[in-house]
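Inside the fold
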Amino acid sequence: MALFEYFPNYIWNLSVSIAMESGAQIGEIIDMCQPIKDAAASGADAGTPAFMKQWAAMGDKLVDLAAEDEAKGRLISASNKLERAALYLITAERMQGHGHPGRQETYAKALATFEKSTKLGKINRERVEIPLETGVMPALYTRAEGEGPHPVVVYCNGLDSCKELLYWSRLPAALARRGISTLCVDQPGSGETLRLQGLPVDPHSEHWASKAVDWLEARPEVDPKRIGMTGISLGGHFAPRAVAYEPRFASGACWGANHNWLEVQHKRMKREGENPVPHYWAHVFWAFGATDMDDFLAKAEGMNLNGHMDGVKVPFLVTHGAQDRQISVDYAHDCYNQLVNSPRRELKIFTAREGGVEHVGADNMAYGRDYIADWFAETLGGNVA
């Protein structure tokens, strides 16, 4: 099992594969990618304006087609098109360097398109805002099927994802079928919280994760004794850390183990391993609110889980792709081995036998999605049948 490798560089192929796993149509992918295939040969960073032009144009076309459906009263069809339009606009935006012309406008259009898709399609997700010490944490709340009160999972971003991509991973839908609600958050340093409020990454994820628990505990349809947490990619730092320091979490999991992300940065300076996005160093400086490399490394000092995992005293699942080109599978073993106080710990390495071998299963998210959903069903009292 491998990524769909249309381009001659990993970063562009990763974005395309994530889009495909998030609901893109292969014909639209080809139409967007064919005109920019040559641009990709000049490197992951250089051709990104051409990438945005093609992907945003497809998003705009789908918005127009959706308007035609809406005029005929075909709201479900309109929502389906708007869903893909928002996906293509978000993909276009996240490939650009910080401050690139048109990036802010593309993001604003993506959010508006996503919200309209939710409304027209009556999709099971609600945009909510969770108060933080400074600002708010926007989130998407997906309700479980069946009678409550229900368990719920807080689901956080990686370095360069957003709550919409979390929703499109279809983990919220998989959990809802199992009787579990999901709160997909744009935590500080990601999504709206970074782009619209300028709030940087907080390595001490329990600060904002605890605010999510506070918000959930006030909801009558939530069982406050059955709240779990997971995270994808760099969320493999945030989720384990939060579960270690927030005792109200009853279970945890990570979709990709980012056990020592600070060490990964030193490796990337030596060009070891692949980057997740173009313009990588500009992105991490922005996400951490750093002015230069020294400032960034100082602010990223806390991005290391060594010495913290003994604080996890609830069931915890570590998953990782065997052929992850960004984050070594060794970090998954480190995380698992240090869960010495977890009453039920599990390590799942996805291999070529099933797929999901690339970073966070970008080659096939189905196996990670189902495995994590079943884990929470078993540890939070959901259902698997």
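Residues numbered from 1 in each chain as written. Predicted model: local features only at pLDDT ≥ 70, side-chain atom pairs only at ≥ 80, totals over all residues. Heavy atoms only, no water.

1. As for the overall build of the protein chain
Heads up, the rule is: Put simply, DSSP marks the helices as runs of H or I at least four residues long and the strands as runs of E at least two long, and each gets a number from the N terminus on. Here the globule rule is a power law, 2.2 Å times the number of residues to the power 0.38, and the radius of gyration is based on C-alpha atoms. Only protein chains enter the area calculation, which uses a 1.4 Å probe; residues under 20% of their type maximum are buried, those over 50% are exposed, and those in between are partly exposed. The criterion used for residue contact is that any of the two residues' heavy atoms lie within 4.5 Å. Working definition of accessibility: Shrake-Rupley area with a 1.4 Å probe, residue cover restricted to the visible protein chains. In this tally Asp and Glu are treated as negative and Lys and Arg as positive; neither His nor the chain ends contributes. A charge is said to be at NZ when it belongs to Lys, at CZ for Arg, at CG for Asp and at CD for Glu.
Along the protein chain, the regular secondary structure elements total 16 helices and eight strands. For a compact globule of 385 residues, the expected C-alpha radius of gyration is about 21 Å, and the protein chain comes in at 20 Å, within 12% of that figure. With respect to the principal axes defined by its C-alpha atoms, the protein chain has extents near 55 × 50 × 45 Å. When burial is assessed residue by residue, the protein chain has 58% of its 385 residues classed as buried. By sequence separation, contacts in the protein chain at least 24 residues apart represent 73% of the contacts at least 6 residues apart. Surface accessibility of the protein chain: about 14800 Å² in total, with carbon and sulfur atoms responsible for 50%. In the protein chain, which carries 39 positive and 49 negative side-chain charges, the distance between the mean positions of the two groups comes to 4 Å.

2. A short note on the packing of aromatic side chains
Where we set the bar: Aromatic rings from Phe, Tyr and Trp, with only the six-membered ring used for Trp, were paired whenever their centres fell within 6.5 Å, and each pair was classed as stacked if the ring planes differed by under 30 degrees, edge-to-face if by over 60, and tilted otherwise.
Here the structure, examined in full by the defined rule, presents 16 aromatic pairs. Plain terms: the ring middles of Y6 and F7 are 5.2 Å apart, the flat faces sit at 85 degrees to each other, and that makes the pair edge-to-face. With a centroid separation of 4.8 Å and 10 degrees between ring planes, the pair formed by F51 and W55 is classed as stacked. Here F51 pairs with W55, and both are found in helix α4 (residues 48-71), just four residues apart, close to one helical turn.

3. Some points on empty space enclosed by the protein
Condition: Only protein atoms enter the 1 Å grid, on which a cavity is a set of points fitting a 1.4 Å probe that cannot get out and a pocket is an open set with protein on both sides within 12 Å along at least 5 of 7 lines, lining residues being those with an atom within 4 Å of a point. Grid points are joined across faces, edges and corners, and a volume is the space filled by probe spheres set on the points. The classification used treats Ala, Val, Leu, Ile, Met, Phe, Trp, Tyr, Cys and Pro as nonpolar, Asp, Glu, Lys and Arg as charged, and all other residues, Gly among them, as polar.
Scanning the model with the defined rule gives four cavities of 30 Å³ or more in all. Within this model, the largest cavity holds a volume of roughly 220 Å³. Surrounding the largest cavity, 17 residues form its lining, I18, S161, L165, I232 and V360 being those nearest its centre. Listed by contribution, the elements that provide at least two residues to the lining of the largest cavity are α1 (10-21) and α7 (163-168). Its residues assigned to classes, the lining of the largest cavity comprises nine nonpolar, six polar and two charged.

4. Looking at the sheet that holds strand β2 (residues 136-142)
Heads up, the condition is: Here, strands pair whenever DSSP counts at least two bridges between them. Orientation is described by lines fitted to C-alpha atoms, with helices fitted over the stretch in contact, and by angles between N-to-C directions that extend from 0 to 180 degrees.
The sheet built from eight strands is open, its strands ordered β1-β2-β4-β3-β5-β6-β7-β8 with mixed pairing. At either margin of the open sheet sits one strand with a lone partner, and together these are β1 (126-131) and β8 (345-350). On average, each strand axis in the sheet is inclined to that of its neighbour by 20 degrees, with strand direction left out of account. Strand direction decides the pairing type here: strand β6 (residues 251-255) and strand β7 (residues 316-321), joined by four bridges, are parallel. Within the sheet, the bridge partner assigned to C254 lies in β7 and is V318. The strands that helix α10 (residues 206-217) touches are β1, β2, β3 (150-156), β4 (181-185) and β5 (222-232); relative to β5, the one it contacts most, it runs at about 145 degrees. Packing against the sheet, helix α11 (residues 235-245) makes contact with β3, β5, β6 and β7, and its axis sits at approximately 150 degrees to β5.

5. Points about the packing of helix α5 (residues 75-94) against helix α6 (residues 103-121)
Worth spelling out the cut-off: Orientation labels follow simple angle bins: below 35 degrees gives roughly parallel, above 145 gives roughly antiparallel, 65 to 115 gives roughly perpendicular, and whatever is left gives oblique. Take the far helix as your reference; a near helix turned counterclockwise from it by less than a right angle gives a left-handed crossing, and one turned clockwise gives a right-handed crossing.
The contact between α5 and α6 brings their axes to 8 Å, and the two run at 155 degrees. Compared by their axis directions, α5 and α6 come out roughly antiparallel. Note that α5 runs across α6; the crossing there is left-handed. For the pair α5 and α6, the contacting residues are L75, A78, S79, L82, E83, A85, A86, L89, I90, E93 and R94 in the first and R103, T106, Y107, K109, A110, T113, F114, K116, S117, L120 and G121 in the second.

6. Brief notes about the side chain of S233
The criterion, for reference: Polar contacts, as counted here, are pairs of nitrogen or oxygen atoms within 3.5 Å of one another; within protein the pair requires one atom able to donate a hydrogen and one able to accept it, and residues that are adjacent in sequence qualify only if both atoms are side-chain atoms.
Along the polypeptide, S233 turns up in the loop between β5 and α11. With relative accessibility at 14%, the residue S233 sits in the buried group. Here the side chain of S233 touches H359 through a polar contact of 2.7 Å, side chain to side chain. Setting aside anything within four residues of it in sequence, one finds S233 in contact with G158, W255, G256, N258, H359 and V360.

7. Some remarks on the pattern of salt bridges
Side chains bearing opposite charge may pair, as long as their charged atoms lie close to each other. Note the cut-off: When a carboxyl oxygen of Asp or Glu is within 4 Å of a side-chain nitrogen of Lys or Arg, the pair counts as a salt bridge.
Per the stated rule, a full pass over the model turns up 29 salt bridges. For K267, the salt bridge identified is with E263, shortest N-O distance 4.0 Å. One end of the pair is K267 and the other is E263, both in helix α12 (residues 261-269) and four residues apart, which spans about a single turn. You can call K267 partly exposed: its relative accessible area is 28%. Residues participating in the shared-partner salt-bridge network are R127, E129, K163, E164, D186 and E192.

8. Considerations on the environment of G146
Secondary-structure assignment places G146 in the loop between β2 and β3. G146 sits in the exposed class, given a relative accessible area of 62%. Between the C-alpha atom of G146 and that of F376, which follows or precedes it by 230 residues, the distance is 16 Å.

9. Describing the environment of R226
Its location among the elements puts R226 in strand β5. Owing to a relative accessible area of 22%, R226 belongs among the partly exposed residues under this scheme. R226 sits 65 residues away from T291 along the chain, and the two C-alpha atoms are 41 Å apart. Excluding anything up to four places from it in sequence, R226 contacts P149, H150, P151, V152, A250, L380 and G381.

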